[in-house]
Amino acid sequence: MNSAVKQINTPARSFRNRAGQINSLLPALLAFAVPLSTSAVSVVALLILLFWLIEGEFIEKGVEIFSHPVAVTILAFLGLLCLGLLWSDNFSAGLGALKDQWKLALFPVLLTAVTYRNRSIYLYAFLAGMTVAMSITFLVRFGLVQYADVSPTHLTPKTFHVIYNPLLAFAIYLSLHESIWGMARQRPHLRILLIPLAGLMTVNMFITEGRTGQLVFLVLMGLLLLQFFNKNRLKAIGAICFLLPAISITSYLYSPTFQQRVNIAWQEIENFKKNPDTSVGMRLLFVRNSLEIISQHPCFGVGTGDFQSAYAAVNRKRSPASIATDNPHNQYVLVGAMLGIPGILLLLLIFLTMSFQAKTLQDDVQRLCTALPLFFLVIMLAESYLTVYQTAFFFVVMTAALYKKQPNQRLQEFLTLEQPQKCWLILSYRANIPGSACSQHIDDRLPFFREQGIEPILLSGPVGRPSKQWIHHRTLSLAPSGIRFELRHFLRKHLHKRWQFKLVETICMVPVFPFYLLEKIIINMESEWSWCFLASLRGFLLCRQLQPEVIYSTGGSASAHIAALVIKRWTGCTWIAETQDPLVHDHGWRRSKRVLQVYKTLEKKICQHADRFVFLVHAAMQHCNIRTKGACPGAVVYPGSIPGLFQQKFHKGTRYHFAHFGSLAGTRNLVPFFQALHQISSRNQHNAEFRKKIQVDVYGSFDGASEREMERLGLSDLVVRHGTVSRQKALTAMQQTDCLLLIQNIIYFSCETIPSKVYEYLLTGRPIIGLVYNNKELDTILTEHGHLAVPANNVQAIARAIEKVLDNFTQEEEQTEVSAQTRQHASTLPTVADAVQQLISLAEGEATTCS
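If you're wondering where the values come from, they're calculated on a predicted model, not measured in any experiment.

Each value, and the rule that gives it
Residues numbered from 1 in each chain as written. Predicted model: local features only at pLDDT ≥ 70, side-chain atom pairs only at ≥ 80, totals over all residues. Heavy atoms only, no water. Helix = DSSP H or I, 4+ residues; strand = E, 2+ residues; numbered from the N terminus. Buried < 20%, exposed > 50% of the residue type's maximum accessible area, 1.4 Å probe, protein only. Contact = heavy atoms within 4.5 Å. Areas by Shrake-Rupley, 256 points an atom, 1.4 Å probe, with all protein chains shown as cover. Lys, Arg positive; Asp, Glu negative; His and termini not counted. Charge placed at Lys NZ, Arg CZ, Asp CG, Glu CD. Pairing = 2+ DSSP bridges. Axes fitted to C-alpha atoms, helices over the stretch in contact; angles between N-to-C directions. Parallel < 35°, antiparallel > 145°, perpendicular 65-115°, else oblique. Disulfide = S-S within 2.5 Å. Core = buried A, V, L, I, M, F, W, Y, C linked by side-chain atoms within 4.5 Å. Polar contact = N/O pair within 3.5 Å; in protein donor to acceptor, adjacent residues only side chain to side chain. Expected span 1.5 Å × (residues − 1). Salt bridge = Lys/Arg side-chain N within 4 Å of Asp/Glu carboxyl O.

Chemist: Tell me what's going on with the overall build of the protein, and back it up with residues and numbers.
Modeler: Of the regular secondary structure elements, the protein holds 38 helices and 13 strands. Its C-alpha atoms put the protein at 100 × 65 × 60 Å along the principal axes. Buried residues in the protein amount to 53% of all 851 residues. Restricting the contact set of the protein to residue pairs at least 6 apart, pairs at least 24 apart contribute 73%. In the structure as shown, the protein presents an accessible area of about 38,100 Å², 59% of it carried by carbon and sulfur atoms. For the protein, the distance from the average site of its 79 positive side-chain charges to the average site of its 57 negative ones is 5 Å.

Chemist: Account for the sheet that holds strand 4 (residues 550-553), with residues named and values stated.
Modeler: An order of 3-2-1-4-5-6-7 is seen for the seven strands of this open sheet, with the pairing classed as parallel. Both outer strands of the open sheet, strand 3 (471-474) and strand 7 (634-636), are each paired with one neighbouring strand and no more. On average, each strand axis in the sheet is inclined to that of its neighbour by 25 degrees, with strand direction left out of account. Relative to strand 6 (residues 612-615), strand 5 (residues 574-578) runs parallel, the two sharing three bridges. Pairing of Glu-578 across the sheet is with Val-614, part of strand 6.

Chemist: Can you lay out the packing of helix 5 (residues 69-83) against helix 17 (residues 331-360) for me, pointing to particular residues and giving the numbers?
Modeler: At a minimum axis distance of 9 Å, the contact between helix 5 and helix 17 shows a crossing angle of 175 degrees. With respect to helix 17, the element helix 5 is oriented roughly antiparallel. Between helix 5 and helix 17, the contacting residues are Pro-69, Val-70, Thr-73, Ile-74, Ala-76, Phe-77, Leu-80 and Leu-81 on the first element and Val-335, Met-338, Leu-339, Pro-342, Gly-343, Leu-346, Leu-347, Leu-349, Ile-350, Thr-353, Met-354 and Gln-357 on the second.

Chemist: I'd love a proper account of the sheet that holds strand 10 (residues 719-723), names of residues and values included.
Modeler: Strand order in the open sheet formed by six strands is 10-9-8-11-12-13, and the pairing between neighbours is parallel. At either end of the open sheet lies a strand with only one pairing partner, and these are strand 10 and strand 13 (788-791). Between one strand and the next, the sheet's axes are offset by a mean angle of 20 degrees, whatever the strand orientation. For strand 11 (residues 739-743) and strand 12 (residues 768-772), the ladder comprises four bridges, and the chain directions are parallel. Bridged to Leu-742 within strand 12 is Gly-770. This element, helix 30 (residues 671-683), spans strand 8 (656-661), strand 9 (694-699), strand 10, strand 11 and strand 12 of the sheet and lies at about 175 degrees to strand 9.

Chemist: Any chance you could break down the state of the cysteines for me, citing the residues and the numbers?
Modeler: According to the stated counting rule, one finds zero disulfides in the structure shown. As a non-bridged cysteine, Cys-532 has Cys-543 as the owner of its nearest cysteine sulfur, 16 Å distant.

Chemist: Mind laying out the nonpolar core, listing which residues take part and the relevant values?
Modeler: Membership of the largest hydrophobic core comes to 117 residues, with the highest contact counts inside it found for Phe-126, Phe-376, Phe-394 and Phe-395. Of the residues forming this core, the biggest block, 12 residues, is contributed by helix 17. If we skip the residues at most four places from it in the chain, Phe-395 touches Ile-74, Leu-104, Ile-350, Phe-351, Met-354, Phe-376 and Leu-386. Counting 77 residues, the second-largest nonpolar core is a separate cluster that includes Cys-423, Phe-661, Leu-731 and Val-758.

Chemist: Describe in detail the side chain of His-787, supporting the description with residues and values.
Modeler: The residue His-787 is located in the loop between helix 35 (776-784) and strand 13 in this model. His-787 sits in the buried class, given a relative accessible area of 11%. Side-chain polar atoms of His-787 contact the backbone nitrogen of Ile-768, separated by 3.2 Å. A distance of 3.4 Å separates a polar atom in the side chain of His-787 from the backbone oxygen of His-785. Leaving out residues up to four positions away in the same chain, His-787 has contacts with Leu-762, Arg-766, Pro-767, Ile-768 and Leu-782.

Chemist: Residues and numbers for helix 15 (residues 279-296), please.
Modeler: An ideal rise of 1.5 Å per residue puts 26 Å on 18 residues; helix 15 measures up with 27 Å between its terminal C-alpha atoms. Turning to helix 15, its buried residues are Val-280, Gly-281, Met-282, Leu-285, Phe-286, Asn-289, Ser-290, Ile-293 and Ile-294. Check the buried side of helix 15 and you find it contacts helix 12 (211-228), helix 14 (256-270), helix 16 (307-318) and helix 17.

Chemist: Break down the environment of Ile-606 for me, with residues and values.
Modeler: Summarising the element assignment, Ile-606 is placed in helix 28 (residues 593-609). With 41 residues separating them along the chain, Ile-606 and Leu-565 place their C-alpha atoms 7.1 Å apart. Among residues more than four places away in sequence, those in contact with Ile-606 are His-561, Trp-575, Ala-577, Leu-583 and Phe-613.

Chemist: Can you explain the pattern of salt bridges? Please cite residues and give values.
Modeler: It is possible for side chains of opposite charge to pair when their charged atoms get near one another. Tallied over the entire structure, the rule returns 16 salt bridges. With a closest N to O distance of 2.8 Å, Asp-444 and Arg-727 form a salt bridge. Residue Asp-444 is found in the loop between helix 21 (437-443) and helix 22 (446-451), and its partner Arg-727 is found in helix 33 (residues 727-735); the two are separated by 283 residues along the sequence. The buried category is assigned to Asp-444, whose relative accessible area is 12%. According to the relative accessible area criterion, Arg-727 is partly exposed, its value standing at 28%. In this structure, Glu-803 engages Arg-683 in a salt bridge whose closest nitrogen and oxygen atoms are separated by 2.8 Å. Note that Glu-803 is positioned in helix 36 (residues 795-811) and Arg-683 in helix 30, a separation of 120 residues in sequence. Each of the salt bridges in this network shares a partner with another, and the network as a whole consists of Asp-444, Arg-727 and Glu-760.

Next comes the structure, spelled out in structure tokens:
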């Protein structure tokens, strides 16, 4: 039965729902307890885990966890720690090190326990806890409270200032953030409480002893100023240069505690070589000796749990008079010593992912989501804060609260339907990407699936924007090439200046680059090949949750078919695989023989396990059938276009416009067209008049070969480059063009492909000159609808086609509406609606319910 059927409200179900409701509030209690009591934190954490287990719904939780980039990177980091046991010399110590990470391992639990609507409750609960903790320090300061290990000059128990002050710094930032951008905008009376609270906390910051907290406080205040003066960076820099030194100097002059701590730190740094056995000196020594461990084991470290023994060995050699340690008081160094450079990279990837996710948010917590990773990146220089009890819990509860995704409204509606509705799981790496032909191929089909009573469940890569119209899930690639590909797309969206893009890309990719080169040496596949790993897992969970009738893999990337193959084997669901370009070419293969073998194996597996293998061209299906010795369950479905997009009237102008739409690269270029146009121009007795009547419009990229030939032949004055335009503008321009140019690559596999824009061209009703290479099917489609198809490498034939359309132009009259002949042709053209209906018919003949 489809899981979209509304669940019966049994007593057991009601009990589980009640457990979930209670559990959604427990993280607030956890956030409140973090600065106050480790015992309370432990009890609440265990309660959250217990209620999480009682609530059930593990499939839905699994979908959310594995669809969340931050959760995936945290799990990958924990996975590397587990792998580190393989080369650890002390397995029991390694298990102890893993046990210390149980707080971090609770992140997936907290992520699925918190709710989006309760985010403010979690934030204000933490503020309330910090307010209580701060109040206690003031009571101690004025001698109103007395207990062990505290005094008016030492306001926190023992070394608790190491934890207290960083948390206080974030609380100050949070208070100011909320008073400027948060709930105080709707409730002005909150500002009356929050601003004085931030002031009291700032005073408290400099009468307590935590230097790390004081440093990160200044960093967060700098960030706050940058965010406040976002539209005027000059003001922001001026405010930072004035306010931060002013706060520091004032605190130094009027706070004996802060002055003493600064002076002591300075003296200990100066005397480090003479006397390293001081608070700062020991930290510097720990880092120096730990870096020696990393230099000896850069690739994989000494193994999980072996830091203490490895440090003791280095310490005996380099600083025998100093004590050994099991904690270098630096998270990066600790991870690097145990797991090497890959460990440091994965640790940084957690916070890099958090920063990238912050960029995608459009709500009030976006600035907080920028501040949280920066906060931890700074404080982890002074202590292993992801191992320290309170700060580790602070990390997981705040990250879960701030990065909780808003529920997909369409998914919620679908899951609560009274009657079951059919759905298809559609796997396409590219989706909802303007300007991408692969994305447009599936994006156009989604409304027609819904018209047929089928709800599309879209699973794609992260390159396209999340859709609000469809149930859309996105997941990441894992290999270095995929990380690079997705990072570049992300940076292009946010950094429009080339130097900024290149600078940030270089900084981000330097750590990954060695692994990227290694991957390319081993197997040089498409950049997004590794998307299949998380896509298959997520797709399986979606199948368990939503029970789709069909798995449909498309989108141009082989990784979608790999993921669909895995899901098919796990669920037994009907699988339709559609390849937009053939996976394998019999001639002119451009990659290595190893990659060719991989794709041949994939093609064979698709033929063995897919219920239908859909092609866009008959030649591609025939060649696949030959390779697989007749085992291909093939079908051809022309993608078509949408007639409703082509309703504009054509108006004849004084110049004759040839236009090409799309990318130009390699042998798909305008060189033979320019040569043909040059021949005609040279033969014309009235060359100057002829040139005035001709214009070549290029929409999209303009390749180097075309540009060089244009300049060599002196045709620059005839060519207008419009660059990349929106699809709507491109469709409008198509309908106002005198003649549309279609150009194929002059390579073997052109016989197996038909450009998707052919179907748009045909629906415009405008004349088309197709420069076709070895493709009888495309030739037939064009000529049957009254257009011209000529060999792409035959300049004379191209010239004759140009002359023919120019002769027609001089004879035809003003055309103010679509002709009857055009309407007749349009009625016989393939459409997107036809393609969807054919896919449904193919699926209905093979339907198998997912298990």
